[in-house]
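The chain contents come next:
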Amino acid sequence: MSKYVSVTADPAVEQLLEVAHEKGIETAFDRAEYIKPCPIGSDGVCCKICAMGPCRLVGKVKTGICGATVDTVVARNLGRQIAAGAAAHSDHGRDMALALLAVAEGEAPDYRVRDIGKLVEVATFLGISVEGRETNDIAKDVAEAALAQFGQQRGTLKYLERAPRKRQQIWKDLGIAPRGIDREVVETLHRTHIGNDQDAEHILDHGLRTALSDGWGGSMLSTDITDILFGTPVPLTSEVNMGCLEEDEVNIIVHGHEPLLSELILMACQDPEMIEYAKTKGAKGINLTGICCTANETLMRQGVRSAGNFLSQELAIATGAVEAMVVDIQCIMQALVGVAEHYHTKLITTSRKAKITGATHIEFDEHKAFEIAKRIVKEGIDNFPNRGKAEKVYIPNVSAPLVAGFSHEYLRYMQGGYYRGSFRPLNDAVMTGRIRGVAGVVGCNNPRTPHDYTHNYVVQELIKNDVLVVQTGCSAISVAKLGLLGPEALDHAGPGLREVCEAIGIPPVLHLGSCVDNTRILTVASQMATEGGLGDDIGDLPAVGLAPEWMSEKALSIGAYFVASGVYVIFGTKNPIAGSEEVQRLISEGWESKVGGKLEFILDPEEMVQKTLEHIDLKRAELGLPEYDPDRFGQSGDAPLEAFFAVPPEERNLYSRKAYVSGD
Ligand code: NFS
């Protein structure tokens with residue numbers, strides 16, 4: 001057994017760490033060894049918002065030079081992290097809205113509205129008339145209405161209306177219903193400037209408002225508009241891990257978050273002219289794979305294979321088989337430049353917002369998107385003859401099949417068909433106790449904790465205990481690598497959960513998309529709450545959210561908007577507010593008394609599972625549901641649904657491409 005098994009649960013990453021070390025290449029796994037986290041910053045008690053400091057509030061030092069207390073400093077730091085996360089997600093959503101506007105105005109000829117059904121649905125929700133109007137006219141109004149949400153100064157965000165009424169009232173009563181997306185982020189920065197908001201509770205409550213502007217604002221808009229432009233996901237099969245890289249083809253990896261360019265890179269990779277060109281360079285074809293949430297976006301809609309998650313990025317280059325890694329925004333390590341220098345790999349940055357010193361910059365422009373996509377793919381092809389010249393090529397023979405593509409629309413459809421879709425069967429299953437509860441397991445990797453281990457452990461334990469798991473982001477990819485995103489996972493599910501999954505035709509672990517698609521989980525939760533039988537608010541559901549290996553500010557924003565929506569949220573890995581008992585109390589008991597949800601940092605995986613199950617059982621009791629009994633169900637003898645998933649997706653369902661998505 002290699003020594004790297006202690007740092008990663010992924011055998012491909014394990015093998016590639018060996019390869020990288022032989023070559024003297026350093027990765028995040030090594031840096032996490034020798035860079036010890038600063039204990040002061042780690043606990044959230046370093047204040048560096050002005051030039052009198054930085055003030056380190058440790059030992060006898062109880063306040064900063066200005067008199068700011070530990071509680072204020074810790075709360076301010078957390079508030080700023082939430083705001084940064086909300087800004088990142090929402091700015092991504094803004095770009096999607098701007099792209100839709102460009103498409104509608106005929107300025108982005110390489111795109112079109114692919115999901116007219118979803119456009120009509122979103123337009124109707126936004127109060128935009130659709131009768132007898134051209135698709136692009138509706139799209140223009142939708143884009144403009146979406147963009148207006150960012151700069152809105154008064155009133156409240158339109159998408160809040162998608163939450164159960166009771167939840168909307170809670171936000172209204174507490175005064176935390178966001179007014180505009182940008183406004184809340186800016187206000188957090190203002191409040192946390194030197195000498196402003198200096199009451200921990202008050203700062204943290206605005207943290208909830210800011211996070212809500214992400215979850216029920218920027219991110220939710222992003223998911224909707226991405227579906228409009230590229231199609232609402234439906235289940236499809238694909239594959240994950242480094243074994244998706246091909247020995248004899250040009251390997252191009254898209255990495256980052258926005259699907260705007262990656263969708264066109266996919267088109268360019270499928271272009272017969274480009275494939276012919278690749279052949280002239282000695283390759284058999286062009287192979288596109290993804291990493292991080294770009295991978296999730298293209299996987300969910302197009303079935304593009306994923307090479308891995310956040311901590312896989314450097315190692316993918318260490319295969320020596322990647323001609324081009326094309327990145328846009330977020331979760332991209334600067335270290336990629338250094339790793340790529342050891343190989344022939346070209347690192348190409350593409351976003352106006354993100355350059356990396358030492359990388360090749362080819363700026364994306366939606367007005368001539370396909371031309372740029374082809375130029376990038378050509379860079380990769382031209383690089384193919386350089387493969388293996390100065391480096392050894394090693395592609396681990398490790399991959400796993402998976403099923404992805406569970407949009408909330410599809411989940412509804414699966415439970416009753418196109419006309420009678422609902423969440424009734426799922427609610428009934430929870431009410432009888434066949435399904436004990438639901439957990440959302442999401443978020444990043446973090447080299448401070450063994451890669452993928454906690455995701456995999458938590459998800460396996462939960463399905464074993466009859467908890468249905470919905471997933472997004474790097475967590476979904478982690479579990480996919482283990483083979484749990486598919487019908488095989490039924491063998492690991494508790495008997496009641498298995499019975500329901502077989503009856504509805506879903507696996508017990510559902511991949512709902514990228515990190516902005518956490519909003520699909522909000523929508524599922526709202527629909528379950530309003531379906532009846534499980535209370536009348538998200539906060540009533542026997543449900544928990546977990547981010548076992550979080551590291552990014554975006555994860556904190558997600559955690560906070562789930563809390564504000566009524567959910568108990570557990571974060572693993574590390575506690576960024578460990579320096580203040582009071583702030584820990586405020587975001588757990590304090591928030592629970594206000595919004596019903598609470599945020600806790602629990603570093604032990606077993607405790608995470610235990611707390612999750614306890615909370616689910618508590619909510620069941622509060623709803624007056626029968627106590628969960630693992631031996632009560634599972635004798636139906638239904639045949640597993642391998643056969644269902646073996647059918648190609650386009651032949652499998654009625655909803656999607658033929659019935660709902662135009663043009664395909
Ligand atoms: Ni989300 Fe974390 Fe990044 Fe995606 Fe992965 S690291 S918060 S899961 S890729 S955004």
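Residues numbered from 1 in each chain as written. Predicted model: local features only at pLDDT ≥ 70, side-chain atom pairs only at ≥ 80, totals over all residues. Heavy atoms only, no water.

## What to know about the coordination of the nickel atom of the ligand
Operational definition: As a rule, N, O and S atoms within 2.8 Å of a metal are its donors, except that Na, K and Ca use 3.2 Å; water is not among the atoms, so sites may look incomplete. Numbering goes from the N terminus for both helices and strands, where a helix is a DSSP run of H or I of at least four residues and a strand is a run of E of at least two.
A lone protein donor contacts the nickel atom of the ligand, and this donor is Cys515 (SG), found at 2.2 Å. Residue position: cysteine 515 is located in the loop between β13 (509-511) and α22 (518-531).

## Focus on helix α8 (residues 181-191)
Worth spelling out the cut-off: Burial classes: relative accessible area under 20% of the type maximum marks a residue as buried, over 50% as exposed, and values in between as partly exposed (1.4 Å probe, protein chains only). Starting at the helix axis, one direction is taken to each C-beta atom, and the arc is that of these directions. Residue contacts are defined here by distance: any two heavy atoms, one from each residue, within 4.5 Å place the two residues in contact.
Regarding α8, the residues found buried are Ile181, Glu184, Val185, Glu187, Thr188 and Arg191. Taken end-on, α8 shows its buried residues confined to a sector of 160°, consistent with a single buried face. Away from the buried face of α8 by more than 90 degrees, exposed residues Val186 and His190 are located. Structurally, α8 contributes buried residues whose contacts are with α4 (70-104), α6 (135-151) and α9 (200-230).

## Structural notes on the pattern of salt bridges
Note the following rule: We define a salt bridge as a contact between a side-chain nitrogen of Lys or Arg and a carboxyl oxygen of Asp or Glu at a distance within 4 Å.
In total, this model carries 53 salt bridges according to the counting rule given. Among the ionic pairs, glutamate 314 bridges to arginine 31, the shortest N-O distance being 2.8 Å. Note that glutamate 314 is positioned in helix α13 (residues 313-317) and arginine 31 in helix α2 (residues 28-34), a separation of 283 residues in sequence. By the burial criterion, glutamate 314 is buried, and arginine 31 matches it. Note that lysine 118 is salt-bridged to aspartate 224, the shortest N-O span being 3.2 Å. Taken as a pair, lysine 118 in helix α5 (residues 116-125) and aspartate 224 in helix α9 lie far apart in primary sequence, 106 residues in all.

## Describing the site of the ligand
Applicable threshold: Residues are labelled near a given molecule or strand when at least one of their non-hydrogen atoms is within 4 Å of it. Under the scheme applied here, ten amino acids are nonpolar (Ala, Val, Leu, Ile, Met, Phe, Trp, Tyr, Cys and Pro), four are charged (Asp, Glu, Lys and Arg), and all others, including Gly, are polar. Domain start and stop points were drawn from an automatic or database domain assignment.
The full set close to the ligand counts 13 residues, and Cys293, Cys331, Cys444, Cys474 and Cys515 are the nearest of them. Those elements giving two or more residues to the shell around the ligand turn out to be α12 (292-302), α20 (473-481) and α23 (553-564). Here the shell around the ligand is built from residues that sort into eight nonpolar, four polar and one charged. When residues of the shell around the ligand are assigned to domains, at least three fall in each of domain 2 (242-386) and domain 3 (408-638).

## Some thoughts on unusual backbone geometry
In the segment running from glycine 53 into proline 54, the intervening peptide bond is cis, with an omega of 0°. When you line up the elements, proline 54 lands in the loop between β1 (46-47) and β2 (55-56). Positive phi is not limited to glycine here, since threonine 573 has a value of about 65°. Within the fold, threonine 573 resides in the loop between β15 (568-571) and α24 (581-595). Given the relative accessible area of 16%, threonine 573 is considered buried.

## Some remarks on the side chain of asparagine 309
Put simply, the rule is: As used in this structure description, the phrase polar contact means that two N or O atoms lie within 3.5 Å; if the pair is within protein, one of them must be able to donate a hydrogen and the other to accept it, and residues adjacent in sequence are counted only when both atoms belong to side chains.
Of note, asparagine 309 is situated in the loop between β6 (305-308) and α13. Within the structure, asparagine 309 has its side chain in polar contact with the side chain of histidine 451 (distance 3.0 Å). There is a polar contact of 3.0 Å between the side chain of asparagine 309 and the side chain of aspartate 452. Beyond its immediate chain neighbours, meaning those up to four positions away, asparagine 309 contacts Ile291, Cys292, Asn445, His451, Asp452, Cys474, Ile477, Ser478 and Lys481.

## Let's talk about the pairing of strand β12 (residues 467-471)
Where we set the bar: Look down the strands so they point away from you; if the path from the first strand over the helix to the second goes clockwise, the crossover is right-handed. Pairing between two strands requires that DSSP report at least two bridges joining them.
Across the five residues of β12, five count as buried, placing the element largely inside the fold. Residue alternation in β12 divides its side chains into two sets, Val467, Val469 and Gln471 and Leu468 and Val470, and both sets are buried. For the segment spanning strand β11 (residues 437-441), helix α19 (residues 453-464) and β12, crossover handedness is right-handed. As paired elements, β12 and β13 share three bridges and run parallel to each other. Counterpart to valine 469 in the pairing with β13 is valine 509.

## Concerning the nonpolar core
Rules: Nonpolar cores were defined as sets of buried Ala, Val, Leu, Ile, Met, Phe, Trp, Tyr and Cys residues, with membership established by side-chain atoms within 4.5 Å.
Formed by 177 residues in total, the largest nonpolar core has its most connected members in Val142, Ile265 and Leu462. Considering every element that reaches this core, the biggest residue donor is α4, with 14 residues. Once you skip the residues sitting within four places of it in the chain, leucine 462 turns out to touch Ala439, Val441, Val467, Val469, Leu546, Val609, Thr612 and Leu613. In terms of nonpolar packing, the next biggest core, distinct from the first, is built from 39 residues, Val19, Ala28, Leu336 and Cys474 among them.

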